[in-house]
Amino acid sequence: RKRINIAIDGPAAAGKSTVAKMIAKRLSYIYIDTGAMYRALTYRALQQGIALDDEQALISLLKDTYIELRTSPKGQLVLVNGEDVTNIIRGEEVTNAVSLVAKHPLVREEMVARQRSLAKNGGVVMDGRDIGTHVLPNAEVKIFLKASVEERAKRRHAENIARGFPSDLETLKEEIARRDRIDSEREVAPLKKAEDAVEIDTTSLSVEEVVERIMEIVNERI
Ligand code: C5P
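Quick summary incoming for the structure in this document.

Assigned secondary structure in the chain consists of nine helices and eight strands. The C-alpha atoms of the chain give a radius of gyration of 17 Å, which matches the 17 Å a tight globule of 222 residues would have. In terms of principal-axis extent, the alpha carbons of the chain reach across some 50 × 40 × 35 Å. Looking at the 222 residues of the chain, the share that counts as buried comes to 48%. Of all intrachain contacts in the chain linking residues separated by at least 6 positions in sequence, the fraction that spans at least 24 positions is 73%. Put simply, the chain shows about 11,200 Å² of open surface, and 49% of that area lies on carbon and sulfur atoms. Of the charged side chains in the chain, 35 are positive and 36 negative, and the gap between their average positions amounts to 4 Å.

Here we come to the side chain of threonine 202. One can find threonine 202 in the loop between strand S8 (198-201) and helix H9 (207-221). Threonine 202 gets classed as buried once you look at its relative accessible area, which sits at 3%. Among all residues touching threonine 202, those that are not within four sequence positions of it are Ala14, Leu145, Lys146, Ala147, Arg155 and Val210.

Val94, Thr95, Ala97, Val98, Ser99, Val101 and Ala102 are the residues of helix H4 (residues 92-102) that are buried. Those residues of H4 that are buried lie in contact with helix H2 (34-47), helix H3 (55-63), helix H5 (105-118) and helix H8 (169-185).

Across all of its chains, the model carries 14 salt bridges by this definition. Of the charged contacts in the structure, one is a salt bridge between arginine 90 and aspartate 33, with a shortest N-O distance of 3.1 Å. Of this pair, arginine 90 sits in the loop between strand S5 (83-84) and H4 while aspartate 33 sits in strand S2 (residues 30-33); the two residues are 57 residues apart in sequence, bridging distant segments of the chain. Between arginine 129 and aspartate 183 there is a salt bridge; the shortest N-O distance is 3.4 Å. Here the residue arginine 129 occupies a position in the loop between strand S6 (124-128) and helix H6 (131-135), and aspartate 183 occupies one in helix H8, the gap between them amounting to 54 residues. By the burial criterion, arginine 129 is buried, and aspartate 183 matches it. What emerges from the salt-bridge pattern is a single network uniting Arg129, Asp183 and Arg186.

Here five strands make up an open sheet; going across it, the order is S2-S6-S1-S7-S8 and the pairing parallel. Since the sheet does not close on itself, it has two edges, and those belong to S2 and S8, each with one partner. Neighbouring strand axes in the sheet, compared pairwise and without regard to direction, differ in orientation by 20° on average. With four bridges connecting them, S2 and S6 associate as parallel partners. Of the residues in S6, the one forming a bridge with isoleucine 32 is methionine 126. Of the strands in this sheet, strand S1 (5-9), S2, S6 and strand S7 (141-146) are in contact with helix H1 (residues 16-27), which crosses S6 at around 175°. On the sheet, H2 packs against S2 and S6 and is oriented at approximately 45° with respect to S2.

About the thresholds
- Residues numbered from 1 in each chain as written.
- Predicted model: local features only at pLDDT ≥ 70, side-chain atom pairs only at ≥ 80, totals over all residues.
- Heavy atoms only, no water.
- Helix = DSSP H or I, 4+ residues; strand = E, 2+ residues; numbered from the N terminus.
- Rg over C-alpha atoms; globule rule 2.2 N^0.38 Å.
- Buried < 20%, exposed > 50% of the residue type's maximum accessible area, 1.4 Å probe, protein only.
- Contact = heavy atoms within 4.5 Å.
- Areas by Shrake-Rupley, 256 points an atom, 1.4 Å probe, with all protein chains shown as cover.
- Lys, Arg positive; Asp, Glu negative; His and termini not counted.
- Charge placed at Lys NZ, Arg CZ, Asp CG, Glu CD.
- Salt bridge = Lys/Arg side-chain N within 4 Å of Asp/Glu carboxyl O.
- Pairing = 2+ DSSP bridges.
- Axes fitted to C-alpha atoms, helices over the stretch in contact; angles between N-to-C directions.

This is how it looks when you write it as structure tokens:
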């Protein structure tokens, strides 16, 4: 069977990573979380007190930033220059700053080069905002996942509560909507469905149903 590339895009908290991981597992493909790469850089920028609008400083920081996405028995790990940042990059501080870092063209150019290199041999499930439109325009399968802001905030809220984190539904709604707005309105590679992507509205679907739909599409192409 052919080892294809699968692009999964969509707005914040639409369930992309959950679904992408499951698809990768079924196919024994590599899962690449491109959002984690932007989050990792944002973490370092905050740590070093770099202004988030200083593109030159961010790009030189990125050049010294080795980001490793590792699949371990405990799940997906994110390492930055060897430091395990898996949990910290999901925190509020990084989440609320990441879209400001990700809008800089030179930052994106370098990230996209790294992402393409990871996918060059095929057998990759990559999730993000611009994978189908820009990073892997020739991906054999392109999926665009969406769900209402209400539903996405509710899912994130339930996740937070289950983990014992403080959480406020209204605040989550505002943060998700704000991040989507910045991601959709930026000049370079904004969040947008690729013309040839299959759109799946997950608002009233279970994770298993979404995975099954995507697997049907994948099975037609491999
Ligand atoms: O997917 P996740 O929510 O972790 O992504 C975090 C942020 O990284 C997004 O809100 C967006 O600003 C940025 N991002 C991006 N392009 C991608 C993946 C993520 O701009 N391909």
